[in-house]
Structures are given as structure tokens and as C-alpha cells.
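For reference, the chains in residue letters:
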Amino acid sequence: MKKIESTKLPSLEKLSLKDIEAGKKLFSKKLYFKLGIKNQKDLPQNDLPEVAFAGRSNVGKSSLINNLTFQKNIARVSKKPGSTQQINFFEIPEMLRIIDLPGYGFAKVSKSEKKEWNTLIEQYFLINSSLNRVFLLIDSRRGIKDSDINFMKNLEKFAIVFEVIVTKIDKLDYKNARNLVSEIERINSTFTTAFPRVILTSCINNNGLDKLRAEIFKLLN
Ligand code: GTP
Ligand code: MG
């Protein structure tokens, strides 16, 4: 098991207009699908900075990657939960690798399959030294579930900094969105590796995508 070292959280700086522009420029570069893996022996060399998208099945991980990168169909999206069944690696050459993780908390996946995915994800966390941040997605209509808290505990165990991204914010009114953010902030404060920003996003009206691009740009600079 990886030795747990204390993690120093990067400081929370305001995302400036300059960062927003730089983020847009970064993501206007072409993203390529590199590979999808189901087995830890196929994990690629980590020679580029990486960010990973994680969260319950159907939370909108693949949709967010498509919209963030202005490439509508690069990651497979489905109404049915469990559509991403492997770790998918995408790359902006020589700059950044983006990882689409299989979703958790999906009842229809068999126990043995769930165990395999968890082991694969844990192996990835364990050996990957260039994983800069995990964006942990929470569906605005569903809120934080036990499976999310367990995932956060795992990330903390591996000393991985995570940042909560709320998805499908087009489905929530302002008051409920505020309440959800307060709850997330309370939960974040109980984890040593939770980055204290919460970005609200929508792939329907593109809310928050510019902020997320800027955040990723800042991670590389
Ligand atoms: P798995 O791969 O199964 O873990 O799912 P995922 O997290 O990759 O979710 P995916 O991107 O496949 O999206 C699941 C469903 O949510 C699809 O029907 C999307 O169209 C829908 N969806 C994604 N983002 C949004 C959003 O911002 N707003 C709304 N209203 N629906 C969204
Ligand atoms: Mg998916």
C-alpha cells in the first residue's frame, strides 16, 4: 500500500479573466483518444500531467470531457448508467492527459466486476505520480451519497487532491444549488485532500466550463 504522506493543498486563488482565456486556448487544442484499459498491466507510462474525472455512474463524466474539450463525441455518453467500463485516456499531445474513470455506485454492475474496477482504479491511483487532481463529480439532482464519501476517503488515503464539480446544474434552482454547495463545503472541510473550490457546471448551457478549463490550465502552470 502506498505510504501516506501529508498532502499540502495548493492555495485557493481566484480564477482571473486571464486564466479563463488561457484555459480556453488550452482546450482549443485537439484532444486525442489514446487508449482504454481494463487491466492494470496496460496502464500507460505517466509522462504527462494528468487530471481524472470520477463520480457515480451517470453523473456526467463523459459529457463533461466532451464539452470541456469542445469535442462533442470523443467520450461515449449514454442515458444508461455504466456506459464507461474501462479507464479511458485522452491526450492533448505534449501537454495534458485527461482520464475518464468508470463510474461507481451502479447497482446493475456485478459484485465481481465492481471489485475489478475498484482494484484497477486503486492501482492507477497507487502508481500514478503525475495525477495532478481528481475532479469528483456530483449530480446536482442527487447530491452527495455514501459512495461519494467512500470514494473521497479512498482519495485521501492515496493522498490525492480532489475537487468537487457539481454537474447538471441546469436541473437545480438557485436555492437548492446554494444548499448543495454549503453541504459540499462542510464535507470538504472534513478531508485533508479536498481542494476548497466547488465549480457548478452544465453541459446544456455550458455553465462553469470556462472556470474548469481555467482551473486545469492553472494546474499546468
Ligand atoms: P458512466 O460512464 O455510466 O459512469 O456515466 P457518465 O458519468 O460518463 O455520464 P454521461 O456523460 O454518459 O451522462 C449521463 C447522462 O446525463 C446522459 O444522458 C447525459 O446526456 C446526461 N447529462 C450529462 N451532463 C448533463 C448536464 O449538464 N445537464 C443535463 N440535464 N444532463 C446531462
Ligand atoms: Mg462515462
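To be clear, the structure that these remarks concern was listed above.
The following refers to the structure shown. (Residues numbered from 1 in each chain as written. Chains lettered and ligands numbered in written order. Predicted model: local features only at pLDDT ≥ 70, side-chain atom pairs only at ≥ 80, totals over all residues. Heavy atoms only, no water.)

1. A short note on the sheet that holds strand β1 (residues 32–37)
Step number 1: Within the open sheet, the 7 strands sit side by side as β1-β3-β4-β2-β5-β6-β7. Their pairing is mixed. The open sheet is flanked by β1 and β7 (199–200), the only strands paired with a single partner.
Step number 2: Note that strand β3 (residues 87–92) and strand β4 (residues 96–100) share 5 bridges and pair antiparallel. Paired with N88 across the bridge in β4 is D100.
Step number 3: Contacting β2 (50–55), β4, β5 (131–139), β6 (162–167) and β7, helix α6 (residues 209–220) crosses the sheet at an angle of about 160° to β5. (Pairing = 2+ DSSP bridges. Helix = DSSP H or I, 4+ residues; strand = E, 2+ residues; numbered from the N terminus. Contact = heavy atoms within 4.5 Å. Axes fitted to C-alpha atoms, helices over the stretch in contact; angles between N-to-C directions.)

2. Remarks on the packing of aromatic side chains
Aromatic rings in a pair are described by how distant their centres are and how their planes are angled relative to each other.
Step number 1: Within this structure, the stated rule accounts for 8 aromatic pairs.
Step number 2: Measuring from ring centre to ring centre gives 5.4 Å for F33 and F90, while their planes differ by 65°; the resulting arrangement is edge-to-face. Here F33 is found in strand β1, whereas its partner F90 is found in strand β3, with 57 residues between them in sequence.
Step number 3: Exposure remark for F33: the relative accessible area of 42% places this residue in the partly exposed category. (Phe/Tyr/Trp six-rings, centres within 6.5 Å; stacked < 30°, edge-to-face > 60°. Buried < 20%, exposed > 50% of the residue type's maximum accessible area, 1.4 Å probe, protein only.)

3. Re the pattern of salt bridges
Step number 1: In the structure shown here, the tally under the stated rule is 13 salt bridges.
Step number 2: As a salt-bridge pair, R97 and D47 come within 2.7 Å of each other at their nearest N and O atoms. Within this pair, whereas R97 is found in strand β4, its partner D47 is found in the loop between β1 and β2, the two being separated by 50 residues in sequence.
Step number 3: The class for R97 is buried, based on a relative accessible area of 6%.
Step number 4: Residue classification places D47 among the exposed positions, given a relative accessible area of 56%.
Step number 5: The partner of R141 in a salt bridge is D139, with the nearest N and O atoms 3.4 Å apart.
Step number 6: Note on D139: relative accessible area 4%, which makes it buried.
Step number 7: Several salt bridges share partner residues, and in doing so they unite D47, E50, E91 and R97 into one network. (Salt bridge = Lys/Arg side-chain N within 4 Å of Asp/Glu carboxyl O.)

4. Section: helix α2 (residues 61–68)
Step number 1: With respect to burial, α2 is a largely interior element, 7 of its 8 residues being buried.
Step number 2: Among the residues making up α2, those that are buried are K61, S62, L64, I65, N66, N67 and L68.
Step number 3: Tucked into the core, α2 has its buried residues touching α1 (17–27), β2, β4, β5, β6 and α6.
Step number 4: Positive backbone phi, at 55°, marks F70, one or two positions downstream of α2.

5. Some details on the environment of E215
Step number 1: Within the element layout of this structure, E215 appears in helix α6.
Step number 2: A C-alpha to C-alpha distance of 8.3 Å links E215 and I20, two positions 195 residues apart in sequence.
Step number 3: Ignoring any residue separated from it by four or fewer positions in sequence, one finds E215 in contact with L15, R133, F135, E163, F195, R197 and I199.

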